[in-house]
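What follows is each chain in one-letter form.
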Amino acid sequence: MTTVDQILFGWAERDHEGNAGVRPLAHSGLPTIDRWAKRLQYIWATQDGQGDGIDPAASLAHLVFDDEAAVLRKLPSRNPHGRGGATLTHVLVGAPHVIGPGLALGLHDWPGWCEHEPDVTGSRLAPLGLAGLEDAARRGLAGLRERVAGVPAEQLTALVARVLERPSEDFSVIARPDAALPMMTALLDITGPVSGRPWTFASRESTDKGNHQPRVVFLSARPPQSMYINRRNRVDVAEAAPDTDTARFAAQLVDLYQEAGHRALERLRPHGPIRSTDDVTAWRKSVPVVDGRIVDVRVGFDVYMDDDLLARLAARGALPSARDRLPGELRGRPAQWFVAALRRWHAHEPRTQRHPWLRNLLLREAVDACLAGQGPDALVEAVRDAGPPPSLVAHSFHLQVPRAGLDLSRYEHQRLMVAALVFGLPADELDRAGLLAASPTDQLLDFVSRYAAHYPEASRLVLRHLADAGASRGTARLWYERGLLLGPVDRIAAGDRVKEVDCFRHLLLAAHGPRLRLDDAATLIERAGVRAPLGLFAAALELAADERTEQRIRYELSEQFLRDHGYPATAPRPGHRHRPGGPVLGRSPASPAPSTARSTPHPAEAYGTPAAGPLPDTARAPHGAVPVPPRQADRSPAAAHGHPGTPDALPDGHGARRGRGGRPDVVNVLFVVVVVLLCGAIGCALLAFSL
């Protein structure tokens, strides 16, 4: 860990050698303590005034010496011997890249500064950790930036204009002591790095003469004239800047800084340091100006959280120019920031109505962050509540899908798909070839089981992907282990018979292929049980491989139809086990045989197909075309009682007339006898009349 050394300068009485004056009273074991004592002893560690009328507030200075830098806090005080005006100077020493002007300014109110002289000269101080100093400096610098609002704009403009006119020179600024640090902060934020020596400063001095002066020395009053040749540029901020292009540019920069803050200037400044007036001129010409004011062409993410800034930038017409730059700034925001911004920018907020594209941009970046696996649950919920446009979700989703497709056995892939559905991804976006090609069968079935109630259309398309993968015995086993997904399919269909048949068709294709054989149909019937949905059998009829398989399925349909309508179950056929209470698992029923006990309605009649007509060709019917049972009043009397309309509609061996084949029945014999007797009586009557 990088450390910073400490030195404490103060007045020391005469020692045993007779030396008295300002010298180090304590330090943290700095190896170069002698060098620093010579640098600071007679110039920067002494008092900055004479007598008892000096300002009792502490002053701050930042100095750089080749490979070392220091920040000094000078506190006028009375030492234990009552000497008035004695200065207690606390110095922090480190490398120049460690102790820069930002750190030095931010430590102006650091609580670690020494307020009293040590009791014993030569005391030992401890080195300081840089991390703690940087945290304190960030807070202190933010406080100084807030204090800039109390500095008159014309005074700040006068300082910035003189610096831009001669960016590589040194300056002595005559200003109020309480305005020194805020003005130095603003100067540093506006101009950024400049050529020559780095930015150094002294916040309150009585003179600007001497060796190794900082770049900017703040004086509370103009020093008296002397014969000393001073090459520094003296700036009295009470005097207005001359009316030049540079001064007008400085006024525009100050105006933007006080309205939009230091980040606006960071986005606006040139990439390199300012070396000369030519660099200033090029910078001035590169900045867009509207109605005499600079337009911040690089609007930052602050507009989402600061309504005043948003209103000012909108009034200046600066927002549209940020469309291309804002995404880059939003991309690095933490999840907590996105959550707070989404809550502020909900659909019915006035700011959203005025600037809808800003909300859409925010949603796009938040959706991308979530689908890329970087968003915690809190951000996912915030995006869901915000309701992003489906097209935006679909675009982001497909950008995240790997080339080989989603593998739902991987957590990040499953989270991607579920999060997209949570955000409102249209189910049709899953209907793409190869999207789930890398996903194992068990994961697809589990996805349908878990999410059928929440995302029915998406689950239906997952089943289609399963069917496209082809038949597998392993798929059949997994399907049966999950109870044939009867519950999930029912939730997907929600009463729609077409969807029900479509789902079961996909499952049958995945388990048994395009041709359902007799053995597979028998196993399916046993697994399904007595309360299996009709859609399962309708899909099985479509895929029946031959007439025997179809007949087996139709027989099961007829039994179920009779049960559902309150008729007594038919007697078991030879080779078939009657299942009054449910399926008998693990047994393969024999092929169905014609029943000789009594006639039963044909399955076609059970679905409302007229018995006298041809049987419906379910193998050629459109997918999912399940006939609907007709109302009772529409059926013929024979059909209403469970009897076929014509003998042709019954299976072989049913529907023949009662009696023995080839012999006249009793009614016919009696009819012939009556006719013969009647004819004989008529003949006798005619014969008697003729005689």
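Residues numbered from 1 in each chain as written. Predicted model: local features only at pLDDT ≥ 70, side-chain atom pairs only at ≥ 80, totals over all residues. Heavy atoms only, no water.

## Focus: the overall build of the chain
Which entries qualify depends on this criterion: A helix here means a DSSP run of H or I that spans at least four residues, while a strand means a run of E at least two residues long, and both kinds are numbered starting from the N terminus. Burial classes follow relative accessibility: with a 1.4 Å probe on protein chains only, a residue under 20% of its type's maximum area counts as buried, one over 50% as exposed, and anything between as partly exposed. Note on contacts: a residue pair is in contact if any heavy atoms of the two residues lie within 4.5 Å. Using a 1.4 Å probe, the Shrake-Rupley method yields the accessible areas, and only the shown protein chains count as cover for residues.
Across its full length, the chain holds 27 helices and 13 strands. Going through the 691 residues of the chain one by one, you find that 46% of them count as buried. Here the contacts in the chain between residues at least 6 apart in sequence split such that 69% fall between residues at least 24 apart. Summing over all exposed atoms, the chain offers an accessible surface of approximately 35100 Å²; the carbon and sulfur share of this is 53%.

## Digging into the pattern of salt bridges
Here is the rule we go by: A pairing counts as a salt bridge when a side-chain nitrogen of Lys or Arg comes within 4 Å of a carboxyl oxygen of Asp or Glu.
Applying the stated rule across the entire model yields 35 salt bridges. Of the charged contacts in the structure, one is a salt bridge between R344 and D307, with a shortest N-O distance of 3.0 Å. Here D307 lies in helix 9 (residues 307-315) and R344 lies in helix 11 (residues 335-344), a separation of 37 residues in the sequence. On the basis of relative accessibility, which here comes to 33%, the residue D307 falls in the partly exposed class.

## Quick look at the packing of aromatic side chains
This is how the line gets drawn: Geometry of aromatic contacts follows a simple scheme: Phe, Tyr and Trp rings, the Trp one being its six-membered ring, pair when their centres are within 6.5 Å, and the pair is stacked under 30 degrees between planes, edge-to-face over 60, tilted otherwise. In this analysis the charged atom, NZ for Lys or CZ for Arg, is taken to sit over a ring once it is within 6 Å of the ring centre and within 35 degrees of the ring normal.
The final tally for this structure, using the stated rule, is 10 aromatic pairs. Ring geometry for W337 against F338: centres 5.6 Å apart, planes inclined by 80°, an arrangement best described as edge-to-face. The same class applies to W337 and to F338, which are both buried. With a centroid separation of 4.8 Å and 45° between ring planes, the pair formed by F447 and Y451 is classed as tilted. A residue pair is termed a helical-turn pair when its members lie 3 or 4 positions apart in one helix, as F447 and Y451 do in helix 17 (residues 441-451) at 4 residues. Judged by its relative accessible area of 15%, Y451 is buried. Among the aromatic residues, ring-to-ring pairing joins F301, Y304, W337, F338 and W345 into one connected group. One residue, R215, lies across the ring of W199, its end atom 4.7 Å from the ring centre. In this structure, R333 packs its charged tip against the face of F301, placed 3.8 Å from the ring centre.

## Things to note about the nonpolar core
For the record, the criterion: Think of a nonpolar core as a cluster: buried Ala, Val, Leu, Ile, Met, Phe, Trp, Tyr and Cys residues, connected wherever their side-chain atoms sit within 4.5 Å.
Ranked by size, the top nonpolar core spans 158 residues in total, and within it L107, Y304, F397 and W479 carry the most contacts. If we ignore the near neighbours within four places in the chain, the residues touching Y304 are L326, L330, W337, R344, W345, L358, L361 and L362. Counting residues in each nonpolar core, the second largest holds 16 residues, with W36, L40, V91 and A202 among its members.

## Quick word on the environment of G487
Secondary-structure assignment places G487 in helix 20 (residues 486-493). For the pair G487 and S449, spaced 38 residues apart in sequence, the C-alpha separation works out to 8.2 Å.

## Quick look at the packing of helix 15 (residues 390-400) against helix 16 (residues 411-422)
Using the following cut-off: Every axis corresponds to a line fitted to the C-alpha atoms, with the helix fit spanning only the stretch in contact, and the corresponding angles, defined between N-to-C directions, vary from 0 to 180 degrees. By the definition adopted for this analysis, an angle is roughly parallel if under 35 degrees, roughly antiparallel if over 145, roughly perpendicular if from 65 to 115, and oblique otherwise.
Relative to each other, helix 15 and helix 16 sit at 175°, their axes nearing to 10 Å. Taken together, the axes of helix 15 and helix 16 are roughly antiparallel relative to one another. Contacts between helix 15 and helix 16 involve V393, F397 and Q400 on the former and, on the latter, L416, M417 and A420.

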